[in-house]
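# Architecture at a glance
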Amino acid sequence: MKIIRANSYQDMSRKAANLISAQVIMKPNCVLGLATGSSPEGIYKQLIDWYNKDDIDFSQVTSINLDEYVGLSHDHEQSYWHFMQKHFFEHINIRQDHIFVPDGSNPDAEEVCRNYDQIIQRFGGIDLQLLGIGVDGHIGFNEPGAAFELGTHKVRLQESTIQANKRFFESEDEVPKEAYTMGIKTIMQAHKVLLIASGSAKATIIRDALYGPVTPQVPASILQMHPDLTVVVDREAGALLP
Ligand code: F6R
């Protein structure tokens, strides 16, 4: 495990974007596992900036996102598909047919999850998986208690996750209660994992995930066992690390 300390959110974003950029330069047809949420927004901004300066080319890249809310179609403003288009894909030259997000509009969980695992397999697995972390230690939507050996599956969101995500919806009632998520088995099979965390709300969970016991109660703790894990934290998120 390599921990990189950044001074600020912007510095964290730039450092993490550098690692993603290096991956794309080293393997132009790589598969990126991408995440939504507040943490990676700055990374996407930085990558768009480098793309506009002709420093990075996404024309051969494939992106396979971590998760999607059940019940939201692509055109729903809060769908993760929409988030990724708005914050990243619309601004770069990635091929639309190289973009994958679980199909939240399909209620047939078995079909969605089987298809998604097949897509990941067809592209040869994920080269670099970008992860944020929930205050309860979730990665993707693998909430505390999630089995470590699952592929893509449907989950019920924890109350704390619903609370954390309600800021994006008009009311709490509108926050979907279920999601499709890549499983921890798939995340652990990624060749490289890049975990990012910013802000004081993440300090305790980052410490527990990286230095506490490896337990399904802290899903991100399994990352301690990953052979190629890089963590980029800003000052606040890293405040409790040794
Ligand atoms: C997003 C995802 C989630 C977030 C986590 C942190 O695709 O899978 O696990 O990474 O909830 O969210 P932020 O970055 O908004 O604090």
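Described below are features of the structure shown in this document. Every value quoted in this text rests on a predicted model; they were computed, and no experiment measured them. (Residues numbered from 1 in each chain as written. Predicted model: local features only at pLDDT ≥ 70, side-chain atom pairs only at ≥ 80, totals over all residues. Heavy atoms only, no water.)

## What about the sheet that holds strand β1 (residues 2-5)?
The criterion, for reference: Strands pair, by our definition, only if DSSP identifies at least two bridges between them. Numbered from the N terminus, helices here are DSSP runs of H or I no shorter than four residues, and strands are runs of E no shorter than two. Whether two residues are in contact is decided by their heavy atoms: any pair within 4.5 Å suffices. Note on definitions: angles span 0 to 180 degrees between N-to-C directions of axes, and those axes are lines fitted to C-alpha atoms, for helices only across the stretch in contact.
Strand order in this open sheet of seven strands is β1-β10-β9-β6-β2-β3-β5, and the pairing throughout is parallel. A single partner strand is all that each edge strand has here, and the edge strands are β1 and β5 (99-100). In terms of strand pairing, strand β2 (residues 31-34) meets strand β3 (residues 62-65) through four bridges, oriented parallel. Paired with Leu32 across the two strands is Ser63, which belongs to β3. Where helix α4 (residues 109-122) meets the sheet, its contacts fall on β3 and β5, and the angle it forms with β3 comes to roughly 150 degrees.

## Overview of the site of the ligand
Heads up, the condition is: Here a residue counts as near a molecule or strand whenever at least one of its heavy atoms sits within 4 Å of it. Under the rule applied, a polar contact is a pair of N or O atoms within 3.5 Å (in protein, one hydrogen donor and one hydrogen acceptor; residues adjacent in sequence only if both atoms are side-chain atoms). All accessibility values rest on the Shrake-Rupley procedure with a 1.4 Å probe; residue burial counts only the protein chains present in the view.
Near the ligand you find 14 residues, and of these Ser39, Asp67, His138, Gly140 and Lys202 are the closest. Take Asp67: an N or O atom from its side chain is 2.6 Å from an oxygen atom of the ligand. His138 is positioned with one of its side-chain polar atoms (N or O) 2.7 Å from an oxygen atom of the ligand. For the ligand, whose free accessible area comes to 410 Å², the fraction covered by protein is 91%.

## So, the packing of helix α2 (residues 41-52) against helix α3 (residues 80-87)
Which entries qualify depends on this criterion: Comment on the angle field: the value is read as roughly parallel under 35 degrees, roughly antiparallel over 145, roughly perpendicular from 65 to 115, and oblique elsewhere.
Look at α2 against α3: their axes get within 10 Å of each other, and the N-to-C directions meet at 40 degrees. By the angle between their axes, α2 is oblique relative to α3. Here Glu41, Tyr44 and Ile48 of α2 lie close against α3, whose contacting residues are Phe83, Met84 and His87.

## A short note on the environment of Asp67
Relative to the assigned elements, Asp67 resides in strand β4 (residues 67-69). In sequence terms Asp67 and Asp103 are 36 residues apart; their C-alpha atoms lie 9.2 Å from each other. Not counting residues up to four positions away in its chain, the partners in contact with Asp67 are Thr36, Tyr80, Val101, Pro102, Gly140, Phe141, Tyr180 and Thr181. Within the structure, Asp67 has its side chain in polar contact with the backbone nitrogen of Phe141 (distance 3.5 Å).

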